[in-house]
Structure formats: structure tokens, C-alpha cells
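The chain contents come next:
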Amino acid sequence: MADQKKMVESITSMDVDFAQWYTDVVKKAELVDYAPVRGCMIVRPYGCAIWENIQKILDEKFKATGHENVMMPLFIPESLLQKEKDHVEGFAPEVAWVTTGGAEQLSERLCVRPTSETLFCDHFAHVVHSYRDLPKLYNQWCSVVRWEKTTRPFLRTMEFWWQEGHTVHETAEEAQAETRQQLEVYAEVCEKYLAIPVIRGRKTDKEKFAGAEETYTVEAMMHDGKALQSATSHYFGDGFAKAFDITFQGRDNQLHHPYETSWGMSTRIIGAIIMTHGDDNGLVLPPAVAPIQVIIIPVAQHKPGVLEKAEELRQKLSAFCRVKTDVSDNSPGWKYAEYEMKGVPLRLEIGPRDIEAGQCVLARRDNREKTIVKLDELETKIPELLQAVHDGLYERALKNRQNRTFTATTFEEMKRLASEESGFIETMWCGDLECEMKVKEEAGLTSRCMPDEQKHIGDVCPICGKPAKHSIIWGKAY
Ligand SMILES: [Zn+2]
């Protein structure tokens, strides 16, 4: 028990200092280590296994909707990056440059990709000639580099891992449908696999991606009431195609510019999982992406037959879930704390008395509920309990968002809510950048999105009093 105490006491309570709690969890759950380069992270095996599970889910969904994976170069020549004006302005401040190769000074600087629109566009210009070549539905899994000033593991690092989808289409309608389709893929992955409720919506012009006509987003609320942009999907119109001179011969025999999209989800989503579901005992993982779904802890493992039974159960369970047995000589108490810290959804305890009775104890990580289960019922009980953990996590996160979502009809009320509460504030908005800037300066809030589910909260913008165009959600964001 002394060991268990040590583990739990070593993380800061989330109510005392949420930021420190987060840092403690990513370290103690062995997700990351700090890298020798400032602002970079080493993703350790346990963190990597979570990302691999997310990757598998996304990759299958991309392929099911007709997308193919490709691999683009790490470097972008400066001249290529310069081609789309808004895009280069958006990314230039955080680009890393390669100026020498070996002993040679390069005649043209190479940028380390912060995102790959320019590379895809250059390639599309080579391979798209006719409407018969369209659409091209590509995705790549890679890391990108952005020279960030302040960094935190998963949430903001100079190098991070992601997927970036890039597609090119014959018509604007097709490209717009693609943008919305991929946003829905992200929303589904967040809600049905990661147990994170999200708000689907559109970004304001100020917050949209550099070079995009429209940026759609799925926004999640973390346990502390702050927002996290969980994934984005961009519609480019034909702006990039014009800048990169991508043309195709249409069905009318005329030359046209095609329409493009891009969309991405990154390792940042692991930060969202931690901050949505975690508690004072550490990580709590949604079962769909947990590297270990069931941890078997043998109790009194020195007694005859216990380890054998644990191994027999492990083999049986591995047919339908990700399972591990901890046979180390650490005390059961230490093991309980260790796998709670690592967020394993279910713990299976089995000792001599359980074996005699033909049963075991299953303990849920999310609410610590214990159930005695007959060994011959595990095949049905475990999937049921894993689903119950998922549902429990989703419900808790949704309740937190509901409790922390406020509406305001005056600017005074917005400012009061922003200073007294941590959460989302929903208001009407006239659509002017000026009002958005004022909210940022005077209330410290950024616009999260204009939600798909538009509400009627009033007729006027609370900031300027002019007629309102949209309902909009404001918040403080990671
Ligand atoms: Zn206004």
C-alpha cells in the first residue's frame, strides 16, 4: 500500500493545478519524454500504441471512403512555399529553414514542411490533365515542424505527427461535399471511439486556415472548461489551383482549374483524451484506443495454480480484447495504482478463492465499480463493461460541457462570464472582424466556431448592436 500511495501522491490534483496535473500524467503514465531539442517530444511505447490505435481507425475510414496513402518529401523549396500569398503569410513566422547541405551553401533555402499543401499542389499540376484524372483523394501520415515559442507535450510541440488529407476535384460542389464528409469522419471518431463529444462548426475568417475559403472544425471542451480544436477540414475553392497553375480539360473541352480540400488530425488529440477523461489517479483511456483494455492482476500469485489460471484467462481473453497479465513481483496494490495511472479501462483480479468459486473481480477505471463475474461469462461481460466505460466517459464529458456552456446577450454579460467562469459562451454575432477582435482584447476569448446547430439567442450582435448574422461560440483555447 505504501507503494500505491507514493504513485498517487506523486501527481498534482487537477483541481489544484490543472497544467501541472497534465504534465505529471504524461510523464507518470509513460506517454512521453522530453527531447534534447527544446519543444520536441519523444513519444514512448505506451503513447505510441495509443496513436497507432487512432491511426488504424482513421486509416480504415479514409480508405473506406476511397482515399489512398502517399508520401511526400520533408522539404519544400522556398519558391514553392511563396506561390500562395495567404498561405505563406500564415506559415512564414513558424517555418524552420535548411540553408546548408553537407558543406555546401544551398542556392535556394528549403523549408521543413509545416504542412504540405504546396507539395501536393505542385504534384497535382503534374498528374492532373483531364477530368478523367479527377478526383485524386490522397492522404499522408507524417510529422511536420512549426517553430513554436511555448510548447507542451501533445498540445503544442515543434514537431508533431498527424495525417493530412489532400484532394482535388472537378467541381466546387464535390470538393465542398468532401470537406464536410471528412469533418464528419473526425466527429465520428471523436464521439464513437474517443468518447469525446464535439461541436461541428465553421471557423471565422480570422481563425480559418491560411489560404482556405472555409475551415470547418470539431471543437471539444476539456475538463477545465477550455476548448481544444480536435481536427479541421478545409475547402480551398480553386485558389491554390490558380496559384499553382493546376488545370484540366473539362467535359466541355475547355481548360478549368480544379477545386481542392485538405483535412487533418494530429497527436494533439491524445492531449484531448488526457484532458477530457483523466482524473486525480491519472489517465483514463477510452476502450477503443486503449493499448491494454483489460489488465489481469493475479492475487497471491505465489499460491499454486494462480499464475496458471491467469495465463489461461489471458489466452482466452486475447481472442476478443487487448489483454495483458502483470506477473511481476510488485505488490497487487502497486499494480492497481500503476494501471490506474495508465488508464486501463478494466482490471481483472483473480486469486485462489476466486479460482475455487469459478469467478473473478472486474473493476472499472472510470467509476471504480467492481463486479464479480463467473469465469465462463467473461466473453459477454467484458465487451459489455468496455462499452459501459465508453458510455460513462462520453456522458461525463457531455455533462461537463453542458454545465460549462453559457449564453449571453450583452457584452457586459460576456465579460462577466469570461472572468467568473471557465467554459463556452454562446452569443449572436454580426460577422465583423472588429467585434471579434474586441472580444479577444476585452474578454480574452477567441471564437471557436459558428456551430452547425445555429441557435437564436437574440437579433443583434451584443458587441456592436448591429443585426446578427450567426450564433457563435467563444472560449479560451489550448
Ligand atoms: Zn458586432
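Before any of the text, the structure's been laid out above.
Since the structure is predicted, the reported quantities are computational estimates derived from the model, not experimental observations.

The rules behind these values
- Numbering of residues starts from 1 in each chain and follows the order in which that chain's sequence is written.
- Confidence filtering applies because this is a predicted model: local features only for residues at pLDDT of at least 70, side-chain atom pairs given and counted only at 80 or more, and all residues used for totals across whole chains, interfaces and linings.
- Each side-chain value is derived from all of the structure's non-hydrogen atoms; neither hydrogens nor water enter the calculation.
- Angles here are taken between N-to-C directions and fall from 0 to 180 degrees, while the axes themselves are lines fitted to C-alpha atoms, restricted in helices to the stretch in contact.
- Numbering of helices and strands starts at the N terminus; helices are DSSP runs of H or I of at least 4 residues and strands are runs of E of at least 2.
- Roughly parallel covers angles under 35 degrees, roughly antiparallel covers those over 145, roughly perpendicular covers 65 to 115, and oblique covers all other angles.
- The crossing is said to be left-handed when, going from far helix to near helix, the turn is anticlockwise and less than a right angle, and right-handed when the turn is clockwise.
- Here a residue-residue contact requires only that any non-hydrogen atoms of the pair lie within 4.5 Å.
- Gly counts as polar in this scheme, as do all residues outside two lists: the nonpolar Ala, Val, Leu, Ile, Met, Phe, Trp, Tyr, Cys and Pro, and the charged Asp, Glu, Lys and Arg.
- In this listing, donors mean N, O and S atoms no farther than 2.8 Å from the metal, or 3.2 Å for Na, K and Ca; water is missing from the atoms, so a site can look incomplete.
- A site with four donors is called tetrahedral when every donor-metal-donor angle falls between 85 and 135 degrees; four donors are called square planar, and six octahedral, when opposite donors sit more than 155 degrees apart and all other angles fall between 65 and 115; any other arrangement is irregular.
- Think of it in three bands: residues with accessible area under 20% of the maximum for their type are buried, residues over 50% are exposed, and the middle band is partly exposed, with areas taken using a 1.4 Å probe on protein chains only.
- By this rule, a helix spans an expected 1.5 Å times one less than how many residues it contains.
- Nonpolar cores are built from buried Ala, Val, Leu, Ile, Met, Phe, Trp, Tyr and Cys residues. Side-chain atoms within 4.5 Å join them into one set.
- Pairs of cysteine sulfur atoms within 2.5 Å are what we label disulfides.
- Each pair of aromatic rings taken from Phe, Tyr and Trp, with Trp reduced to its six-membered ring, is defined by centres within 6.5 Å and is described as stacked if the planes are under 30 degrees apart, edge-to-face if over 60, and tilted in the remaining cases.
- Two thresholds decide whether a charge sits over a ring: the Lys NZ or Arg CZ must be within 6 Å of the ring centre and within 35 degrees of the ring normal.
- Only strands that DSSP links by at least two bridges are regarded as paired with each other.
- Any carboxyl oxygen of Asp or Glu within 4 Å of a side-chain nitrogen of Lys or Arg constitutes a salt bridge here.

Student: What's the story with the packing of helix H14 (residues 411-420) against helix H15 (residues 433-443) in this structure? I'm lost.
Tutor: Helix-helix packing is characterised by the crossing angle of the two axes and by the distance between the axes. With their axes 10 Å apart at the nearest point, H14 and H15 run at an angle of 45 degrees to one another. Comparing their axes, H15 and H14 come out oblique. With respect to the hand of their crossing, H14 and H15 are arranged in right-handed fashion. Listed contacts from H15 to Phe411, Met414, Lys415 and Ala418 of H14 are Lys438, Val439, Glu442 and Ala443. Class assignment for the residues of the contact of H14 with H15 results in five nonpolar, no polar and three charged.

Student: Explain the coordination of the zinc ion to me, please; I cannot follow it from the model alone.
Tutor: Each donor-metal-donor angle in an ideal tetrahedron of four donors is 109.5 degrees, and each such angle in an ideal octahedron of six donors is either 90 or 180 degrees. Here the zinc ion is held by Cys430 (SG), Cys435 (SG), Cys461 (SG) and Cys464 (SG), and the distances to it run 2.3 to 2.4 Å. For the zinc ion, the four donor atoms in the first shell make angles of 103 to 118 degrees at the metal, so the coordination geometry reads as tetrahedral. In the primary sequence, the donor residues of the zinc ion line up as C-x4-C-x25-C-x2-C. Within this pair, whereas Cys435 is found in helix H15, its partner Cys461 is found in the loop between strand S22 (446-451) and strand S23 (470-475), the two being separated by 26 residues in sequence. Residue classification places Cys461 among the buried residues on the basis of a relative accessible area of 1%.

Student: Sorry, what's going on with unusual backbone geometry here?
Tutor: When glycine is set aside, most residues are seen to have a negative phi, and most peptide bonds are trans. The residue after Leu134, namely Pro135, is reached through a cis peptide bond having omega -5 degrees. Turning to its location among the elements, Pro135 is positioned in the loop between helix H6 (117-127) and strand S7 (136-145). With a phi close to 60 degrees, Ala195 is a non-glycine residue in the positive phi region. Mapped onto the elements of the fold, Ala195 is located in the loop between helix H7 (172-193) and strand S9 (199-202). With relative accessibility at 0%, the residue Ala195 sits in the buried group. In this structure, Arg368 is a non-glycine residue whose phi angle is positive, near 65 degrees.

Student: Explanation requested: helix H3 (residues 45-64) in the structure shown.
Tutor: The α-helix advances 3.6 residues per turn, and as a result positions three or four apart in sequence lie on the same side. Spanning 20 residues, H3 covers 28 Å between terminal C-alpha atoms, matching the ideal 28 Å at 1.5 Å per step. Considered for burial, the residues of H3 that qualify are Tyr46, Gly47, Ala49, Ile50, Trp51, Asn53, Ile54, Ile57, Leu58, Asp59, Lys61 and Phe62. Gly66 sits one or two positions beyond H3 and adopts a positive phi of about 90 degrees.

Student: Before we go on, may I ask you to explain the nonpolar core in this structure?
Tutor: If you look at soluble globular proteins, the nonpolar side chains tend to sit buried side by side. Membership of the largest hydrophobic core comes to 55 residues, with the highest contact counts inside it found for Trp21, Leu31, Ile54, Phe154, Ile269, Ile274 and Met275. Top element by residues in this core is H3. It accounts for seven residues. Residues contacting Trp21, with those up to four places away along its chain left out, are Ile11, Thr12, Ser13, Met14, Ile274, Met275, Gly278, Asp279, Asp280 and Gly282. Cys111, Phe120, Leu134 and Phe209 belong to the second largest nonpolar core, which has 26 residues in total.

Student: Explain the state of the cysteines to me, please; I cannot follow it from the model alone.
Tutor: In protein chemistry, a disulfide is the covalent bond that joins the sulfur atoms of two cysteines. Inspection of the entire model under this criterion finds zero disulfides. For Cys121, which is in no disulfide, the shortest distance to another cysteine sulfur is to Cys111 and amounts to 14 Å.

Student: Sorry, what's going on with the packing of aromatic side chains here?
Tutor: By the definition in use, this model includes twelve aromatic pairs. Here a set of aromatic residues connected by ring pairs shows up, and it is made of Trp51, Phe62, Trp141, Tyr186 and Trp263. Taking NZ or CZ as reference, Lys226 lies 4.5 Å from the ring centre of Tyr478, over its face. The aromatic ring of Tyr336 is capped on one face by Arg347, whose charged end is 4.0 Å from the ring centroid.

Student: For this particular structure, what's the right way to read the sheet that holds strand S16 (residues 323-325)?
Tutor: Paired through backbone hydrogen bonds, the strands of a sheet run either parallel or antiparallel to each other. If you trace the five strands from one edge of the open sheet to the other, you get S16-S15-S17-S18-S19, paired in mixed fashion. Each edge of the sheet is formed by a strand with only one pairing partner; in this case those strands are S16 and strand S19 (370-374). Each strand axis lies, on average, 25 degrees off the axis of its neighbour in the sheet, ignoring direction. The sheet contact formed by strand S17 (residues 346-350) and strand S18 (residues 359-364) spans four bridges and is antiparallel. What sits directly across from Leu348, in S18, is Leu362. Taken strand by strand, helix H10 (residues 306-317) contacts strand S15 (294-298), S16 and S17, and its axis lies near 170 degrees from that of S15. Its contacts with the sheet place helix H13 (residues 378-403) against S15, S17, S18 and S19, and it is angled at close to 10 degrees to S18.

Student: Explanation requested: the pattern of salt bridges in the structure shown.
Tutor: When the charged atoms of two side chains lie near each other, side chains of opposite charge can form a pair. Using the criterion set out here, one finds 33 salt bridges in the structure. Its salt-bridge partner being Arg109, residue Glu78 comes within 2.9 Å of it at the nearest N-O pair. With Glu78 in helix H4 (residues 78-81) and Arg109 in strand S6 (residues 104-112), the pair connects residues that are 31 residues apart, well separated along the chain. Note that Arg200 and Glu184 form a salt bridge whose closest N and O atoms lie 2.9 Å from each other. Placement of the pair is Arg200 in strand S9 and Glu184 in helix H7, with a sequence separation of 16 residues. With a relative accessible area of 22%, Arg200 lands in the partly exposed category.

Student: Just to check I follow, could you spell out the sheet that holds S9 for this structure?
Tutor: Read across the sheet, eleven strands follow the order S3-S7-S8-S14-S11-S10-S9-S22-S23-S21-S20 without closing on themselves; strand pairing throughout is mixed. Each edge of the open sheet is held by one strand with a lone partner, namely strand S3 (68-69) and strand S20 (405-407). Running over the sheet, H13 touches S9, strand S10 (214-221), S20 and strand S21 (424-429) and is turned about 25 degrees from S20.

Student: Can you walk me through the packing of H3 against H7 in this structure?
Tutor: Relative to each other, H3 and H7 sit at 145 degrees, their axes nearing to 11 Å. The chirality of how H3 crosses H7 is right-handed. On H7, the residues that touch Ile57, Leu58, Lys61 and Phe62 of H3 are Gln182, Val185, Tyr186, Glu188, Val189 and Tyr193. Residues belonging to the contact of H3 with H7 are distributed by class as follows: seven nonpolar, one polar and two charged.

Student: Can you help me understand the pairing of strand S8 (residues 159-169) in this one?
Tutor: A regular strand carries its side chains on alternate faces of the sheet. With nine of its eleven residues buried, S8 lies for the most part within the structure. Two elements, S7 and S8, share ten bridges in a ladder whose sense is antiparallel. Along S8, the bridge assignment pairs Trp141 with Gln163. Both S8 and strand S14 (residues 259-266) contribute to a ladder of eight bridges, which runs antiparallel. Paired with Trp162 across the two strands is Ser266, which belongs to S14.

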